[in-house]
Structures are given as structure tokens and as C-alpha cells.
Amino acid sequence: RSILNSSRKEEISLQEEIHTLHNYLSLEQQMVTQPFDFTISHNTGDVDIEEILIPPMSLQPFVENSVKHGFQHRKIKGKIDIRFTVKGNFLCCEIQDNGIGIEQSRRKKKVTTPLPLFKVAKERIASMTKDHQLNIREENGTIVSFRLPLKTDF
């Protein structure tokens, strides 16, 4: 319900986004066959997470990719860490998992074109700001990081 409600809004608070991600991941933990743990942390300094505004569903496609594809074919328990940090005039967002990585996942599925979800998410983030610095790298799993202009409701 929170995903549907937030999808109708242009912006939501970081607190709402964290709440939605937590609910989504908690639900997925109960439904998947490959177990995983997750953490969501924030270091926003003096700025309250209720006051930071972001476009809804900014991280969800990347988190969903970790859950649905990253932990397949792994013998170890999955782990997803989501971090929000305020640096200067930007909100830095990072999703890190210990999954098999994007390239290995693509090879197993025999996919040669960009994953549709990633392509759409990349385009969406790029449209939000020219300084987004979207970075996807593999390092003992996948790390997705990007930044958004820091916007508050005060």
C-alpha cells in the first residue's frame, strides 16, 4: 500500500522512503527461498529525515534487483545494506549486496542487453539531476550509489 500511495506523489520524505523499503524487504524475507538480512542506516547530520524530500521509489528498483537476482545461486546468506548520507548539498544513496553480481546474473540468464529495470532506473535518476553520479560496480556483490540534490521541506 505504501508503494502505491507514494507512487502518486512527486516527492516523499526520506523517512517515508525508509519505511517503505523496510516494509518491502521484511515482506520479501518471508517470501523468498534464499534467506537474507538487511540494514538501512542514515547519517544526515543536522537534517531530520522527515524534512528531506526525495522522489518516491528512487532506490526500490535496485533493492528489488538484489532480492530477486543477486542471491540466486549463492550458498551463503544474503545481505543488503542501504545507506543515506548528507554530503554538502547532496543526499548520497548507496545499496550494497553480497550477491552474485550483475554480470554473473546476466550470464546465467544469457542476457546481452541492459537489464530493463536498471535502464529505466538509470534514466530516472539521470533525469532528476545532472550531478547524480550514478555508479554501479561489482565488489563482493553489487554496489549501486548515486546522489540527489538535497531538498528539504523547511
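Residues numbered from 1 in each chain as written. Predicted model: local features only at pLDDT ≥ 70, side-chain atom pairs only at ≥ 80, totals over all residues. Heavy atoms only, no water.

**Examining the overall build of the chain**
At step 1: Of regular secondary structure, the chain possesses 5 helices and 7 strands.
At step 2: Counting the 154 residues in the chain, one finds 42% classified as buried.
At step 3: Here the contacts in the chain between residues at least 6 apart in sequence split such that 69% fall between residues at least 24 apart.
At step 4: Accessible surface, the chain as shown: approximately 8,900 Å² in total, 48% of it carbon and sulfur. (Helix = DSSP H or I, 4+ residues; strand = E, 2+ residues; numbered from the N terminus. Buried < 20%, exposed > 50% of the residue type's maximum accessible area, 1.4 Å probe, protein only. Contact = heavy atoms within 4.5 Å. Areas by Shrake-Rupley, 256 points an atom, 1.4 Å probe, with all protein chains shown as cover.)

**Considering the side chain of serine 66**
At step 1: As for its position among the elements, serine 66 is in helix α3 (residues 60–70).
At step 2: For serine 66, a relative accessible area of 4% gives the class buried.
At step 3: Ignoring anything within four residues of it in the chain, the contact list for serine 66 reads Phe71, Ile80, Ile95 and Asp97.

**Observations concerning the nonpolar core**
At step 1: One finds Leu25, Leu59, Ile80, Ile82, Phe84, Ile95 and Phe146 to be the most contacted residues of the largest nonpolar core, which totals 28 residues.
At step 2: When residues of this core are traced back to their parent elements, those giving at least two are α2 (14–31), β2 (36–43), α3, β4 (78–87), β5 (90–97), α5 (116–128) and β7 (142–149).
At step 3: In terms of residue count, α2 provides more of this core than any other element does, 5 residues in total.
At step 4: Here isoleucine 95 is in contact with Leu59, Phe62, Val63, Ser66, Ile80, Asp81, Ile82, Thr142, Ile143, Val144 and Phe146, once residues within four sequence places are set aside. (Core = buried A, V, L, I, M, F, W, Y, C linked by side-chain atoms within 4.5 Å.)

**Things to note about the packing of α2 against α3**
At step 1: At a minimum axis distance of 11 Å, the contact between α2 and α3 shows a crossing angle of 15°. Our classification of the angle between α2 and α3 gives roughly parallel. When the axes of α2 and α3 are compared, the crossing they make is right-handed. Listed contacts from α3 to Glu17, Leu21, Tyr24, Leu25 and Glu28 of α2 are Gln60, Val63, Glu64, Val67 and Lys68. (Axes fitted to C-alpha atoms, helices over the stretch in contact; angles between N-to-C directions. Parallel < 35°, antiparallel > 145°, perpendicular 65-115°, else oblique. Left-handed = near helix turned anticlockwise from the far one by under 90°.)

**Topic: the sheet that holds β2**
At step 1: Taken in spatial order, the 5 strands make up an open sheet running β2-β4-β5-β7-β6, and their pairing is mixed. A strand with exactly one partner marks an edge of an open sheet, and here the two such strands are β2 and β6 (135–138). Averaged over all adjacent pairs, the angle separating strand axes in this sheet is 10°, with direction ignored.
At step 2: Relative to β5, β4 runs antiparallel, the two sharing 8 bridges. Note on β5: the bridge partner recorded for lysine 87 is phenylalanine 90.
At step 3: Sitting on the sheet, α2 touches β2, β4 and β5, and the angle it makes with β2 is about 170°. (Pairing = 2+ DSSP bridges.)

**What to know about the layout of surface pockets**
At step 1: Here the largest pocket is characterised by a volume of approximately 180 Å³.
At step 2: Every element with two or more residues in the lining of the largest pocket is listed here: β4, β5 and β7.
At step 3: Its residues placed into classes, the lining of the largest pocket shows 3 nonpolar, 4 polar and 4 charged. (1 Å grid on protein atoms, 1.4 Å probe; cavity = no way out; pocket = protein on both sides within 12 Å on 5 of 7 lines; lining within 4 Å. Points joined across faces, edges and corners; volume = space filled by probe spheres on them. Nonpolar A, V, L, I, M, F, W, Y, C, P; charged D, E, K, R; others polar.)

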